[in-house]
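A closer look at the structure
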Amino acid sequence: MRRSGVYIVNEPKQEDSEALTAGIGSPDHVFLNKMEEGDDVQNVLTEEETLPVETSTPKKKKEKKRRLPSVYRSALIKLVCGVYALIIIVLGLVFSIASSLTAEERVHKYYLEVFLVYLYVLSLGIVIYFQLFLLSGVKVKTNYFEPNIRVTVKQDGSANVHKSPTASPYPGRITENNHEDKPSLTEDVERNGDQLSVGSYHSHFEMPPVGGVAHVGEGINFYLRLGALAFAFGSVTLDGLNIATYFETQMTETCESQIFILVYALHLLFTFVQTFFLFKNHKLVIDKSKPIVRFGMMHLMATNICVVIVTIITETAEDYRFDSFAALNITSGLVNSCYEEVTLARSASPYLFPCTIIYSIIAAGIIYRLYQYIGKRVKQRWPSHTSLTSSVPAGATSIDCEKANKGLFLGMLIAVVTLIAIATFFVFESRIKDTSTAIKILFTTEIVLMVITSIGIIWGYVRLAKLKFLQNMFFSVDSVLLLVALSGSFIYLFFTLISVCSITQSFDSVVMINLVTIILSVCQITVQTVFILDGLCRCSKNDDQCAAKPGRAVVTFLLICNLALWCVSMFEVKKTKVLWFHDEFYGKLAWNIITHHCVPTLIFFRFHSAICLSKIWYNAYQKEKAS
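Model, not experiment: these values are computed from the prediction.

The number of helices and strands found in the protein chain is 21 helices and 11 strands. The 627 residues of the protein chain split such that 43% are buried. Across the protein chain, every contact between residues at least 6 apart in sequence was considered, and the portion connecting residues at least 24 apart equals 85%. Counting every atom, the protein chain has about 34,000 Å² of accessible surface; 62% of that belongs to carbon and sulfur.

In total, this model carries six cavities of 30 Å³ or more according to the counting rule given. Approximately 200 Å³ is the volume attributed to the second largest cavity. Secondary-structure elements contributing two or more residues to the lining of the second largest cavity are helix 14 (435-464), helix 15 (477-501), helix 16 (509-535), helix 18 (552-569), helix 19 (572-578) and helix 21 (588-619). Along the lines of polarity and charge, the residues of the lining of the second largest cavity split into eight nonpolar, seven polar and four charged.

Taking 1.5 Å of rise per residue, the 32 residues of helix 21 would be expected to cover 46 Å, and the 46 Å separating its terminal C-alpha atoms lies within 8% of that figure. When the local axis directions of helix 21 are compared, the greatest deviation, roughly 30°, occurs at Cys-598, which is followed within four positions by the proline Pro-600. In terms of burial, helix 21 is largely enclosed, as 24 of its 32 residues are buried.

Moving on: the packing of helix 7 (residues 222-248) against helix 9 (residues 260-280). Where helix 7 contacts helix 9, the two axes come as close as 9 Å, and the packing angle between them is 165°. Here helix 7 lies roughly antiparallel to helix 9, going by the angle between them. Seen along the crossing, helix 7 lies across helix 9 with a hand that is left-handed. Contact residues: Phe-222, Arg-225, Leu-226, Leu-229, Ala-232, Ser-235, Val-236, Asp-239, Gly-240, Asn-242, Ile-243 and Tyr-246 in helix 7; Phe-260, Ile-261, Tyr-264, Ala-265, His-267, Leu-268, Thr-271, Thr-275, Leu-278 and Phe-279 in helix 9.

With that settled, consider the pattern of salt bridges. For the coordinates displayed, the defined rule picks out four salt bridges. In this structure, the salt-bridge partner of Lys-290 is Asp-287, at a minimum N-O distance of 3.8 Å. The class of Asp-287 is buried, set by a relative accessible area of 10%. A salt bridge links Arg-538 to Asp-534, with the nearest nitrogen and oxygen atoms 3.0 Å apart.

Mean pLDDT over the protein chain works out to 75, with 70% of the residues at or above the 70 mark. Per-residue pLDDT stays below 50 along residues 142-148; that stretch engages in 28 contacts with residues further than four places along the chain or on separate chains.

One pass over the full model with this rule turns up 21 aromatic pairs. Each ring, one from Phe-95 and one from Phe-115, has its centre 5.4 Å from the other, and the planes form 75°; the classification is edge-to-face. Taken as a pair, Phe-95 in helix 4 (residues 70-100) and Phe-115 in helix 5 (residues 111-134) lie far apart in primary sequence, 20 residues in all. Of the aromatic side chains, those joined through ring pairs into one cluster are Tyr-492, Phe-495, Phe-585, Tyr-586 and Trp-591. The ring of Phe-279 carries the charged tip of Arg-225 above its face, separated from the ring centre by 5.0 Å. The side chain of Arg-552 reaches across the aromatic face of Trp-617, ending 3.7 Å from its centre.

Here we come to the environment of Lys-577. Examined against the element boundaries, Lys-577 turns out to sit in helix 19. The residues touching Lys-577, leaving out its near neighbours within four places in the chain, are Asp-319 and Asp-323.

With that settled, the discussion passes to the packing of helix 13 (residues 405-431) against helix 18. Close contact between helix 13 and helix 18 brings their axes to 8 Å; oriented N to C, the two are set at 10°. Accordingly, the angle class assigned to the pair helix 13 and helix 18 is roughly parallel. Classified by chirality, the crossing of helix 18 by helix 13 is right-handed. Contacts between helix 13 and helix 18 involve Gly-407, Leu-408, Leu-410, Gly-411, Met-412, Ile-414, Ala-415, Thr-418 and Ile-422 from the first element and Ala-553, Thr-556, Phe-557, Ile-560, Cys-561, Ala-564, Cys-567 and Val-568 from the second. By residue class, the composition of the contact of helix 13 with helix 18 is 13 nonpolar, four polar and no charged.

What counts and how
- Residues numbered from 1 in each chain as written.
- Predicted model: local features only at pLDDT ≥ 70, side-chain atom pairs only at ≥ 80, totals over all residues.
- Heavy atoms only, no water.
- Helix = DSSP H or I, 4+ residues; strand = E, 2+ residues; numbered from the N terminus.
- Buried < 20%, exposed > 50% of the residue type's maximum accessible area, 1.4 Å probe, protein only.
- Contact = heavy atoms within 4.5 Å.
- Areas by Shrake-Rupley, 256 points an atom, 1.4 Å probe, with all protein chains shown as cover.
- 1 Å grid on protein atoms, 1.4 Å probe; cavity = no way out; pocket = protein on both sides within 12 Å on 5 of 7 lines; lining within 4 Å.
- Points joined across faces, edges and corners; volume = space filled by probe spheres on them.
- Nonpolar A, V, L, I, M, F, W, Y, C, P; charged D, E, K, R; others polar.
- Expected span 1.5 Å × (residues − 1).
- Bend = angle between axes of the 7 residues up to and from the residue.
- Axes fitted to C-alpha atoms, helices over the stretch in contact; angles between N-to-C directions.
- Parallel < 35°, antiparallel > 145°, perpendicular 65-115°, else oblique.
- Left-handed = near helix turned anticlockwise from the far one by under 90°.
- Salt bridge = Lys/Arg side-chain N within 4 Å of Asp/Glu carboxyl O.
- pLDDT = per-residue confidence, 0-100.
- Phe/Tyr/Trp six-rings, centres within 6.5 Å; stacked < 30°, edge-to-face > 60°.
- Lys NZ or Arg CZ within 6 Å of the ring centre and 35° of its normal.

Structure (structure tokens):
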């Protein structure tokens, strides 16, 4: 009978069993068949509502409630969330530009501050909702157990998968009634030469379950998440220094907004909480409360993009006003300004504000990946019998430096020389006051690194070309982030190339060495991007390539060289302040806009190149995983 919208199928009497068995086309039989095929109960009942079922109450016609189909409803929700995110990003752009273009030195209308408070408070609420409600009781794991699946391993190495109600979820488990020492799995196979069954480590063909949550997504590279953690540390450090400004200077009340501490404190808390959530749940796949989850993910992504926009525009305006005050103070002796005191936050900002931008870019990329997995069902691969019989814990990976020692030590030598050159640059620039020699040392270091890495890239491509190419791996999160960083790097290098070429007739040694550095940089990042995008799609064809690991030493060397170039690029803002011709060619405001927009992407390109190379270092020397 049917009660409260659920079918209750009564057990047939003994005398009716034969008739029921013969009634293959009966409605009850159709219903049971659908249930055995794994159909959703609600869908089965909806399809079979017209079936004749005996009820004790008279039949009543009920009008069905008209609802939008799930596909249209999902598309509508995505559209609304996308428009909301677009509005948030546009408001962040408009408010930050309006606040920076005021004619007076410090005029606070509070619209930007209130808008940022709204973004941070709502983002904190969303992350806390995800963590406390959606993920309550959900453990981060990569294996799902199924006690009634057995894998039969034969002596020849082949395996069969089948169901058994007596299968044990663990291989070789000893029951409480049998405490005798049993032979190991390998010994049993060798002695008997027969079939041996062990339990499977996976429970579902598709995860998460309907209306559930599971950590079964693609996942983000560990080193990229580690980099996000490092840049988050730099970002919260800058927030802390800005908060300390309140106690550092006497002009805080007149020069800063009355709620500026609240804005920085909320951003610090938001960065910390979001980093914890993304680092832990980067494989998250959610199939419940999808409208709320989609809105929350879109808001978090829009918030991170707004942080990038606001940071770039605000830092550009602050640097320009500080330089203008310094120039005006030299000529007229004016000292009545909010910029007359150099605070610790203002001194550290040129080195730390790129951390905020890079962290927000990485976070936005990870959140967009999570957004793509909302409502998805991820098919689980059956594990191989070797993974079932292995003594290594499931999910564990062994990372060693096999076939990479030469590249490791040669790269460490290059890194040490680079650090010495950076230290020498600061000695000549700050202590000896010889800026020309300081800039020549830094440019020479970059030229040497460019030439060496370019040679290494060509040799590495020749070695990695022997591996198998996977076309479906071309567009991944890592490749998209790398292309975004490459675009910003090209913009910055071409701007500097134009300004340098305009004064090459002077034949100054600093100008010429700068020109060579820019040309080599454009060539090197182009070749390196092609190499990395190709390497991310490579895997080993057979066991011989897994053992030989062709090109691994070169990849190791390039990884360390990119870390060295990353350290050099962290001082790019300092280097541009030493060079006079860029500032003179574009003007202070235009050059500040160029550097604050593009230098963070150049820094991110060097860092993310090292991340991608670490992924190639591990994945390229494994065989293709079965789908």
